Amino acid sequence: MPTNESAEIIKNVPLIPLRDLVVFPSTLVPFIIGRSSSIQALKSASDKDKRIFLSAQMDASLDNPLPADIYSMGILAKIIRTVKMDDSNLKVIVEGKKRARVLEYLSTYPYYQVLVKEVSDIEGSRTDINEILKNVLTLFEEYLKLSQHTNLEAIIPALRDNNPQRIADIISSHLYLPLEEKQNLLEIINTSDRIRRLNFLLENEIIKIHSRLRKDDKKQGRRKIPFRDPSQKVFPPGLNMKKDDQPNEIEELRKKVVDANMPKDAEEKANKEIDRLEGMPPMSAEATVCRNYLDWLILLPWTKKSREKRNLKEAEKILDEDHYGLEKVKERILEYLSIRQLVKNPKGIILGFIGPPGVGKSSLGRSIARATGRKFVRLSLGGVRDEAEIRGHRRTYIGAYPGRIIQMIKRAGTKNPVFLLDEIDKMSMDFRGDPASALMEVLDPEQNNTFLDHYIDTDYDLSQVMFIVTANMMEPIPRPLIDRMELIRIPGYTEEEKLQIAKRFLLPKQMEAHGLSKNKNIQITDKALRKIIREQTKEAGVRNLEREIASVCRKIVKKVVTKGNNYRETVTPRSLEKFLGIPRFRSSEIDKADEVGVAIGMAWTEFGGELLTFEVTKVHGKGNFTLTGQLGEIMQESAQTAFSYVRGKMYELDIAQELHKSFDIHVHVPEGATPKEGPSAGITLATSIISLLTEIPVTKKVALSGEITLKGKVLPVGGVKEKLLAAHRQGIREAVLPLDNKPDLKDLPKKVKDDMKIHFVENMDQVLEIALTEKYLEKIEKEKAPITSELSENEEGEGQQEPPVTH
């Protein structure tokens, strides 16, 4: 239950006293001000943060009300728009934000400045509120129809919110009630009490309207007369609202529509909206909605395009300046620019960059925009869960806006920008819709030339936009959406690539950010950078590497400040520890001796590849098979399959047949706090178990990955490129992979291909030949031979004994 204990106290808020008007939270309200003090208060708020305090004055006839003549409870509001009506009057549109109470008047001249405290609603029992709220909504709808409210269609959709406080405030703002009653509704902070009061007031108002209509029917022959409380002053007296009051604005809008070069359908809608606007009072809320809609239609770039760069050498130079490596991405962009030279209007491309964090997916978008000469806009989709974020809200809703796609196109100012949709795999969905499904139209070159935003309500051509989509992993993205993209995997960097990136990009960037000079203040040797990469970071990208270089720069900056601008430091591997402390990552298992029952496996994560150690041991027991290390369901099934394959092999080779009766097998994958999943550990587990039973060590110079079947066949796995890069980073130079994964090596960096020896296998026998340090079949035969000869000698000795003599 919210209380006022955490309410914010706000100082120096300009106050405007209102005549015959109470503003409620969550509502857009227009009004006119003419007092000098009110105009100065408005100007002060507009120049500062557009936040203003509004409170009704008790007596509307007072031109200069004192603090005692103004209600202490009011509303903190945000100024949306101001329009100069004439020399002495300003039209203002504000959005009510939060209830607040005046604590102190800080100044009274030239306008009121107050100290206010926000007042939070107190929520009662939700069950009780919901029951009364249903009745209030039914009464309110009847009230609107009886009073012939002109904005009926705009108000009803706004009440579909599931927030009782917001619903109560919207209803309160649309009731024609005396000022004192409206102020009373504003001051009731208990939501349950406010809704009950609304229920009572609506019942009374409906009775009054029926009574009035019956009297009028008798006098005027059953003609319905809209009820309006005479004490409610919608416009100030004497203000004459005619079409002639706004000729300049209407003509200006018509000219802008012509200059915008809209398609025929959009131009018709704009002209129709201008005709509607011409017949409305300029200060009405509906007129504001019309103006906002026209502003969006006029400001959208219907025909404006960026002039593209078509010089391939210049584009290639820009791409190489911004990023090291990433040859496949650069090649694809240059291919597109080549096509642009032969085809006048090709369809826009939709690229999907999939890879771990920190490899440069997002920055690539900006670089591509620079290389092609287009504008660049970025939309982060992380946490987006509402379909309206993509397609916009319909204009019937209060505060409706276009979707983020149209907003970004307007921000770009051209119809062919580079549009980055960042972190698409972090989207979610709820009862408001699925934004991923809405993106299918945006990312389909066959459909996006007629993209329909709910707010704009006319087709917009997105076919010339270059969309770039980024994600860390593919699994959360719907398959139909993946099908619309040209996927390019960015797996991570090798140690050599990281070294070059650090030298060419990260170190100069951090030196500039810290005010250091390369030749004057700092020099980091290649060996020191390699040591940072190996011992201080463990990642596919370069974000942590940049942080460590920044940490070194900060410490040198401190010395430069204390010892003088001419201080110079050369960072070497030996001096690195005093800057970054002891190494964070120790050398891995591959540096240790080969062991029985311990094998190195390769795994894929959304952050890149990883190496895992699989340990197997046997203890006296009853044949149980235990798995630990927070293994997922698929990995557990893979382990069971590997164990069943090994048990079949035991009987085939006639070894350890008593194992299942006398021993328990325990499989453990270290780093138990980290969840592990997937079938690719099958051959690693089988190798570890066979190593344990034959007592032959597994070499730690080889990393394994592959799914196993009960018959010992090795099936293909995913994430091969990331796994091999991880193995290479850890110093492993041999790997075992399924034969069917051979095509996955085509995108592997040349450095990794040259450094690593990769064995492709089809069955477990081939795996064991490579992974075990001895020929396991030969060892089994050797161990069997003495036992067999001993048994043969015993049998021969027994055969030569004399038969027993019977008497």
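Undergrad: Would you mind going over a positive patch on the surface with me for this structure?
TA: Taken together, the side chains of Lys305, Arg307, Arg310 and Lys344 make up a positively charged region of the molecular surface. Turning to its location among the elements, Lys344 is positioned in the loop between helix 11 (327–342) and strand 7 (350–354).

Undergrad: Mind showing me how you'd approach the packing of helix 10 (residues 312–322) against helix 12 (residues 361–372) here?
TA: Orientation of helix 10 relative to helix 12, taken along the N-to-C sense of each, is 155°, at an axis distance of 8 Å. Judged by the inter-axis angle, helix 10 sits roughly antiparallel to helix 12. Crossing of helix 10 over helix 12 shows right-handed handedness. Together, Ala315, Ile318, Leu319, Glu321 and Asp322 of helix 10 and Ser367, Ile368, Arg370 and Ala371 of helix 12 make up the contact between the two elements. Within the contact of helix 10 with helix 12, the residues separate by chemical class into five nonpolar, one polar and three charged.

Undergrad: How should I be thinking about the environment of Arg378 in this particular structure?
TA: For Arg378, the location among the structural elements is in strand 8 (residues 376–380). Those residues in contact with Arg378 that lie beyond four places of it in its chain are Met408, Leu420 and Asp422.

Undergrad: When you look at the pattern of salt bridges in this model, what are you seeing that I'm missing?
TA: Pairs can form between side chains of opposite charge once their charged atoms are near each other. Using the criterion set out here, one finds 32 salt bridges in the structure. In this structure, the salt-bridge partner of Asp457 is Lys269, at a minimum N-O distance of 3.5 Å. Within this pair, whereas Asp457 is found in the loop between strand 10 (451–452) and strand 11 (459–460), its partner Lys269 is found in helix 8 (residues 264–278), the two being separated by 188 residues in sequence. The class for Lys269 is partly exposed, based on a relative accessible area of 25%. Between Lys751 and Asp755 there is a salt bridge, with its nearest N and O atoms 3.6 Å apart.

Undergrad: Help me understand the nonpolar core in this model?
TA: As a rule of thumb, nonpolar side chains are buried together in soluble globular proteins. Phe419, Leu421 and Ile424 are the most contacted members of the largest nonpolar core, which has 56 residues in total. Here this core takes seven residues from helix 9 (residues 285–299), the largest share from any one element. Filtering out sequence-adjacent residues up to four positions away, Leu421 remains in contact with Leu379, Leu381, Ile405, Leu439, Leu443, Phe467, Ile468, Val469 and Thr470. Residues Leu54, Tyr71, Ile171 and Ile209 belong to the second largest nonpolar core, which totals 51 residues.

Undergrad: Please clarify how the packing of aromatic side chains should be interpreted in this entry.
TA: Centre-to-centre distance and the angle between the planes together describe a pair of aromatic rings. A full pass over the atoms with the stated rule returns seven aromatic pairs. Look at Trp302 and Tyr460: their rings are 5.2 Å apart centre to centre, the planes differ by 55°, and that puts the pair in the tilted class. Taken together, the positions of Trp302 in the loop between helix 9 and helix 10 and Tyr460 in strand 11 put the pair 158 residues apart, joining distant regions of the chain. Both residues of the pair, Trp302 and Tyr460, count as buried. Both rings, one in Phe419 and one in Phe467, keep their centres 5.4 Å apart while their planes meet at 35°; by these two values the pair is tilted. With Phe419 in strand 9 (residues 418–422) and Phe467 in strand 12 (residues 466–471), this pair connects stretches of sequence that are 48 residues apart. A relative accessible area of 0% places Phe467 in the buried class. Here the basic side chain of Lys410 rests over the ring of Trp296, its NZ or CZ set 4.0 Å away from the ring centre. Of note, Lys618 hangs over the ring of Phe663, and the distance from its end group to the ring centre comes to 5.1 Å.

Undergrad: Looking at this model, I keep getting lost on helix 9. Mind explaining?
TA: Taking 1.5 Å per residue, 15 residues should reach 21 Å; helix 9 reaches 21 Å between its end C-alpha atoms and fits that length. Among the residues of helix 9, Ala287, Thr288, Cys290, Arg291, Tyr293, Leu294, Trp296, Leu297 and Ile298 are the ones counted as buried.

Undergrad: Just to check I follow, could you spell out the environment of Glu734 for this structure?
TA: Position of Glu734 among the secondary structure elements: in strand 23 (residues 734–738). Glu734 sits in the partly exposed class, given a relative accessible area of 25%. Put simply, Glu734 and Leu724 are ten residues apart on the chain and 9.4 Å apart in space, counted from C-alpha to C-alpha. With residues up to four places along the chain from it excluded, the contact list for Glu734 reads Lys701, Val702, Ala703, Met756, Lys757 and His759.

Undergrad: Any chance you could explain the sheet that holds strand 9 here in plain terms?
TA: Strand pairing in a sheet relies on backbone hydrogen bonds. The paired strands run either parallel or antiparallel. Strand order in this open sheet of five strands is 8-9-12-7-13, and the pairing throughout is parallel. Lying at the two open borders of the sheet, with one neighbouring strand each, are strand 8 and strand 13 (486–489). Across the sheet, the mean angle from the axis of one strand to that of its neighbour is 20°, orientation sign disregarded. The pairing of strand 7 with strand 13 spans four bridges and is classified as parallel. In the sheet register, Phe353 faces strand 13, and the bridge partner there is Ile488. Against the sheet, helix 11 makes contact with strand 7, strand 12 and strand 13, and its axis sits at roughly 145° relative to strand 13, the strand it touches most.

Undergrad: Please clarify how a negative patch on the surface should be interpreted in this entry.
TA: Taken together, the side chains of Glu316, Glu327, Glu331 and Glu335 define an acidic patch exposed on the protein surface. Per element, the largest residue contribution to the negative patch is three residues, and it comes from helix 11. If you trace the backbone, Glu327 turns up in helix 11. Residue Glu327 is classed as exposed on the basis of its relative accessible area, which comes to 54%.

Conventions used here
Residues numbered from 1 in each chain as written. Predicted model: local features only at pLDDT ≥ 70, side-chain atom pairs only at ≥ 80, totals over all residues. Heavy atoms only, no water. Patch = residues over 30% accessible without salt bridge, like charges linked within 9 Å, V, L, I, M, F, W, Y side chains within 5 Å. Areas by Shrake-Rupley, 256 points an atom, 1.4 Å probe, with all protein chains shown as cover. Salt bridge = Lys/Arg side-chain N within 4 Å of Asp/Glu carboxyl O. Lys, Arg positive; Asp, Glu negative; His and termini not counted. Charge placed at Lys NZ, Arg CZ, Asp CG, Glu CD. Helix = DSSP H or I, 4+ residues; strand = E, 2+ residues; numbered from the N terminus. Axes fitted to C-alpha atoms, helices over the stretch in contact; angles between N-to-C directions. Parallel < 35°, antiparallel > 145°, perpendicular 65-115°, else oblique. Left-handed = near helix turned anticlockwise from the far one by under 90°. Contact = heavy atoms within 4.5 Å. Nonpolar A, V, L, I, M, F, W, Y, C, P; charged D, E, K, R; others polar. Buried < 20%, exposed > 50% of the residue type's maximum accessible area, 1.4 Å probe, protein only. Core = buried A, V, L, I, M, F, W, Y, C linked by side-chain atoms within 4.5 Å. Phe/Tyr/Trp six-rings, centres within 6.5 Å; stacked < 30°, edge-to-face > 60°. Lys NZ or Arg CZ within 6 Å of the ring centre and 35° of its normal. Expected span 1.5 Å × (residues − 1). Pairing = 2+ DSSP bridges.

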